[in-house]
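One-letter residues, chain by chain:
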Amino acid sequence: MKPRMAWFLGVSILSLWIATDLFIPRKHSIRQFDPTAVARLETAMWRSYYDKNPALLFWQLAGGLREQFHAPFWRSFVLGFQATKAAFVFKRGQSDADYQQALPELLTYYGNIQELTVESFTIPDMAREELNWWIVHRQRNRYSYADLADALDTTAAVLYRQPVAEFTRYGQFRADAMRLCDEAGRGATEADWRRIEQRLNQAWGELHRIVSR
């Protein structure tokens, strides 16, 4: 096969793969995921954030979307871009009005997540609750980690359409992981990261137990 023909064939196959990945409808249950893999990826993302490695963080985020929401390979990068864009709009904010500017991006993001799931959730409610726990986590002078746990409980309840009370332990474990991460900061040791990942394993394990019953 001539090099030019081989190149053309390769490009055609790649284009077909990308188009199929992006546009062919695929739906999976968001109740089925590997909690250990999600916890490991979330820990890695937090490390990349503190190491100021955005390229690696974006790659890990796409992997997390494939693990938790069963996003197809190429679509996971589109979703990762949307989530990252929302996060950076939020990060630049200095007030509640500024933070609300991230909401349109979150609406788009969760609208696309909904297209991947066999379960349904209310997209505007989900976007608002996601933004709310971001605000609670950021405003340490106004909210406690108990408030953060409550916000995480509510977000999970909206996504999975189950009573908030069922997610109490999940919220506590995940908020505690965030507390450990915040306290360690950029000076986190390997021992710190092991403790953080342990808490995240407990959090995602508890969430999986609740939603897969």
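Preceding block: the structure.
Here the structure is a predicted model, which is why all the values come from computation and not from measurement. (Residues numbered from 1 in each chain as written. Predicted model: local features only at pLDDT ≥ 70, side-chain atom pairs only at ≥ 80, totals over all residues. Heavy atoms only, no water.)

### A closer look at the nonpolar core
Inference 1: Grouped together as the largest cluster of nonpolar side chains are 56 residues, with contacts concentrated most on F167 and L207.
Inference 2: Excluding residues that lie within four positions of it along the chain, F167 makes contacts with D153, A156, A157, Y160, Q162, L207, I210 and V211. (Core = buried A, V, L, I, M, F, W, Y, C linked by side-chain atoms within 4.5 Å. Buried < 20%, exposed > 50% of the residue type's maximum accessible area, 1.4 Å probe, protein only. Contact = heavy atoms within 4.5 Å.)

### Brief notes about a positive patch on the surface
Inference 1: On the surface, K52, K91, R138 and R186 cluster together into a patch of positive charge.
Inference 2: Along the chain, the position of K91 falls in helix α4 (residues 73–92).
Inference 3: On the basis of relative accessibility, which here comes to 44%, the residue K91 falls in the partly exposed class. (Patch = residues over 30% accessible without salt bridge, like charges linked within 9 Å, V, L, I, M, F, W, Y side chains within 5 Å. Areas by Shrake-Rupley, 256 points an atom, 1.4 Å probe, with all protein chains shown as cover. Salt bridge = Lys/Arg side-chain N within 4 Å of Asp/Glu carboxyl O. Lys, Arg positive; Asp, Glu negative; His and termini not counted. Charge placed at Lys NZ, Arg CZ, Asp CG, Glu CD. Helix = DSSP H or I, 4+ residues; strand = E, 2+ residues; numbered from the N terminus.)

### Some points on the packing of helix α7 (residues 123–138) against helix α8 (residues 145–160)
Axes are the key here: two packed helices are described by the angle between their axes and the distance separating the axes.
Inference 1: Axis separation between α7 and α8 bottoms out at 9 Å; the angle between their running directions is 165°. Taken together, the axes of α7 and α8 are roughly antiparallel relative to one another. When you trace α7 past α8, the crossing you get is left-handed. Residues D125, M126, E129, E130, N132, W133, V136 and H137 of α7 touch α8, and the partners they reach there are D147, L148, A151, L152, T154, T155, V158 and L159. (Axes fitted to C-alpha atoms, helices over the stretch in contact; angles between N-to-C directions. Parallel < 35°, antiparallel > 145°, perpendicular 65-115°, else oblique. Left-handed = near helix turned anticlockwise from the far one by under 90°.)

### Remarks on the packing of aromatic side chains
Inference 1: This structure, assessed with the given rule, holds 15 aromatic pairs.
Inference 2: Aromatic side chains W59 and F77 sit 5.4 Å apart centroid to centroid with 40° between the ring planes, which places their arrangement in the tilted category. Here W59 is found in helix α3 (residues 54–69), whereas its partner F77 is found in helix α4, with 18 residues between them in sequence.
Inference 3: Look at Y110 and F121: their rings are 6.1 Å apart centre to centre, the planes differ by 90°, and that puts the pair in the edge-to-face class. Of the two residues, Y110 sits in helix α6 (residues 103–114) while F121 sits in the loop between α6 and α7, which places them 11 residues apart along the sequence.
Inference 4: With a relative accessible area of 4%, Y110 lands in the buried category.
Inference 5: Judged by relative accessible area, which is 5%, F121 ranks as buried. (Phe/Tyr/Trp six-rings, centres within 6.5 Å; stacked < 30°, edge-to-face > 60°.)

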